Amino acid sequence: MNIEMQSFVQKYDLLGCVQCGRCTGGCPEAIRTGLNPRRVVHDALDENMLDELAKLPEIWDCTTCNTCTARCPKGLKPVEVLIGLRNILIEGGVIQPTVRDALESAFREGNPWDKPRATRCDWMKDLDVSLAEPGEKVENLIYVCCTICYDPKVQGIAKNLVKILNKAGVDYGFIGEDETCCASEVYNLGEVGEEGLFEMMVEDNTELLNSYDATRIVAISPHCYSALKNQYPNLKADVIHYTHLIKELLEEGKLELKGELPKRIVYHDPCYLGKQNNVYDEPRYILGRIPGAEIVEFERNKERSLCCEGGGGKMWTESDSKEERLAETRVKDARALDAEILAVACPFCILTLDDALKAKGFEEEMRVAEILEILGDLIE
Ligand code: SF4
Ligand code: SF4
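Residues numbered from 1 in each chain as written. Chains lettered and ligands numbered in written order. Predicted model: local features only at pLDDT ≥ 70, side-chain atom pairs only at ≥ 80, totals over all residues.

Visitor: Mind showing me how you'd approach the nonpolar core here?
Guide: If you look at soluble globular proteins, the nonpolar side chains tend to sit buried side by side. By size, the foremost hydrophobic cluster in this structure holds 120 residues, and its most contacted members are Tyr143, Leu342, Ala343 and Leu353. Beyond its immediate stretch of four places on either side in the chain, Ala343 contacts Ile265, Val266, Tyr267, Leu287, Ala369, Ile371 and Ile374. (Core = buried A, V, L, I, M, F, W, Y, C linked by C-beta atoms within 7 Å. Buried ≥ 20, exposed ≤ 12 C-beta atoms within 10 Å, placed from the backbone. Contact = placed C-beta atoms within 7 Å.)

Quick look at the structure:
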């Protein structure tokens, strides 16, 4: 059954809304693109209006950062209402070609990037990587992420993790070619029908992941972490983010950081780690252990952190807005702090912030770096 066949009003508890506007007040896209979650929640009360509402271009400007949901005093989830509207379009066959291609590729090849499954592990070539076999006992089953597997700009994240795991003597295994997209972005693009692609992928992935005798699954990307942790109810193993594991290794003395990195570092909270899952301390603990580094904070940090616009299917959609991108605002904020490294813990953040850095011409003064890449240089 698709969402339209159920009562939209009941499914999203729209009658509970008191129109306080806290959702729109916190929405990073409200000023930039005119997205107004309060208004959408109000207008969706008229179910005859849903098809028209779903056609508003700003529905696709939502980054699924979750600020609206976190701020709602009545427990509503405006972000889910927006995803539900995307679903109405998809169910009706009205779909942007880039979104259609991403969904078809996720279905066909197990990744949204239109890349062959057979090349998923090419990044591992020449590395000493331990692969896990189904049925085998493994303490840490590593879940890489499609973007990291295929995009050379962020493959260094996984390569450095391998280096760190080997150095620290961790019991781990990668899944290899059988690893399939976690479907987080499939969901965000609107494939949320009860018999839709998202549900199918969750079922297949659950079967695959449960076929390993793993104590825990370690997701490298916050998007995979959030999906596996919150949207896969039948996984046998615990799900953690890699920052949990690295913090543990540092605390237990199994990982030692050598040399000095006398740089001013500011950390950008990825929405899917911070606002979505309250993981704020682990990345800060790790950065705080870097010898010689000075760690500074954005004024808008943790729960108030600014979104980089990498999530919510935004990698496959274009915005009509001519306003400055949020990632550009973010790198300007970092520069104002005289930061030399803008540290992140997410592949999407790397891509959006690095683009913004180049667009602003700040490459001389500052670089964007994933925490694992920073650590990789400090363990030799
Ligand atoms: S924050 Fe919640 S109650 Fe307030 S307008 Fe938004 S959805 Fe309605
Ligand atoms: S999830 Fe973020 S971008 Fe989307 S409506 Fe809510 S606050 Fe705005």
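Still more to cover.
Visitor: Would you mind going over the sheet that holds strand β7 (residues 341–344) with me for this structure?
Guide: Within a sheet, each strand pairs with its neighbour through backbone hydrogen bonds, oriented either parallel or antiparallel. The four strands lie next to each other as β6-β5-β7-β8, forming an open sheet whose pairing is parallel. Looking at strand neighbours, the two that pair on one side only are β6 (294–296) and β8 (367–370), the edges of this open sheet. Neighbour to neighbour, the strand axes of the sheet diverge by 35° on average, direction disregarded. As judged from the three bridges shared by strand β5 (residues 264–267) and β6, these two strands associate in the parallel manner. Across the sheet, residue Ile265 finds its bridge partner in β6, namely Ile295. The strands touched by helix α15 (residues 281–288) within the sheet are β5, β6 and β7, with β5 carrying the most contacts at an inclination of about 170°. (Pairing = 2+ DSSP bridges. Helix = DSSP H or I, 4+ residues; strand = E, 2+ residues; numbered from the N terminus. Axes fitted to C-alpha atoms, helices over the stretch in contact; angles between N-to-C directions.)

Visitor: When you look at the site of ligand 2 in this model, what are you seeing that I'm missing?
Guide: Around ligand 2, 16 residues are found, and the nearest of them are Cys27, Cys62, Cys65, Cys68 and Val79. Where the shell around ligand 2 is concerned, the elements lending two or more residues are α6 (67–71) and α7 (78–91). Per-element tally for the shell around ligand 2: the top contributor is α7, with three residues. Grouping the constituent residues of the shell around ligand 2 by class yields 10 nonpolar, five polar and one charged. (Near = placed C-beta within 6 Å. Nonpolar A, V, L, I, M, F, W, Y, C, P; charged D, E, K, R; others polar.)

Visitor: It is not clear to me how the site of ligand 1 should be interpreted in this structure. Could you clarify?
Guide: Taken together, 15 residues surround ligand 1, and among them Cys17, Cys20, Arg22, Cys23 and Cys72 come closest. Among the elements of the structure, α2 (22–26) and α4 (37–43) are those that each provide at least two residues to the shell around ligand 1. Top element by residues in the shell around ligand 1 is α4. It accounts for three residues. Looking at the shell around ligand 1 residue by residue, the class counts come to nine nonpolar, two polar and four charged.

Visitor: Would you explain the sheet that holds strand β4 (residues 238–241) in this entry?
Guide: With parallel pairing, the four strands of this open sheet are ordered in space as β2-β1-β3-β4. Since the sheet does not close on itself, it has two edges, and those belong to β2 (172–174) and β4, each with one partner. If you compare each strand with its neighbour and ignore which way they point, the axes differ by 35° on average. With three bridges joining them, strand β1 (residues 137–143) and β2 adopt parallel strand pairing. The partner of Ile142 across the bridge, within β2, is Phe174. This element, helix α14 (residues 242–251), spans β1, β3 (213–219) and β4 of the sheet and lies at about 80° to β4.

Visitor: Honestly, helix α10 (residues 155–168) in this entry has me stumped. Any pointers?
Guide: Each α-helix turn comprises 3.6 residues. Residues three or four places apart therefore point the same way. In this model α10 runs 20 Å from its N-terminal to its C-terminal C-alpha over 14 residues, within 8% of the 20 Å that 1.5 Å per residue would give. Taken residue by residue, α10 has Ile157, Ala158, Leu161, Val162, Ile164 and Leu165 as its buried positions. Packing partners of the buried residues in α10 comprise α9 (146–150), β2, α14, α17 (347–360), β8 and α18 (371–376). One or two steps after α10, the chain reaches Gly169, where phi turns positive at roughly 65°. (Expected span 1.5 Å × (residues − 1).)

Visitor: Got a minute to help me understand unusual backbone geometry in this structure?
Guide: As a rule of thumb, non-glycine residues mostly have phi less than zero, and peptide bonds are mostly trans rather than cis. Notably, Asp126 is not glycine yet its phi reads approximately 70°, a positive angle. Inspection of the secondary structure assignment puts Asp126 in the loop between α8 (97–109) and β1.

Visitor: What exactly am I supposed to notice about the pairing of β1 here?
Guide: In the case of a regular strand, side chains alternate between the two sheet surfaces. With five of seven residues buried, β1 lies mostly within the body of the structure. Where β1 meets β3, six bridges bridge the pair, whose relative direction is parallel. Within the sheet, the bridge partner assigned to Lys137 lies in β3 and is Asp213.

Visitor: Got a minute to help me understand the domain arrangement of the protein chain in this structure?
Guide: Reports of interface size often rely on the accessible area that becomes lost once the parts have come together. The domains assigned to the protein chain are domain 1 (3–91), domain 2 (98–249) and domain 3 (254–376). Each of domain 1 and domain 3 has a C-alpha centre, and the two are 28 Å apart. Listing elements by their share of the side of domain 1 that touches domain 3, those giving two or more residues are α3 (30–33) and α6. Classifying every residue of the side of domain 1 that touches domain 3 gives six nonpolar, five polar and two charged. (Domains from an automatic or database assignment.)

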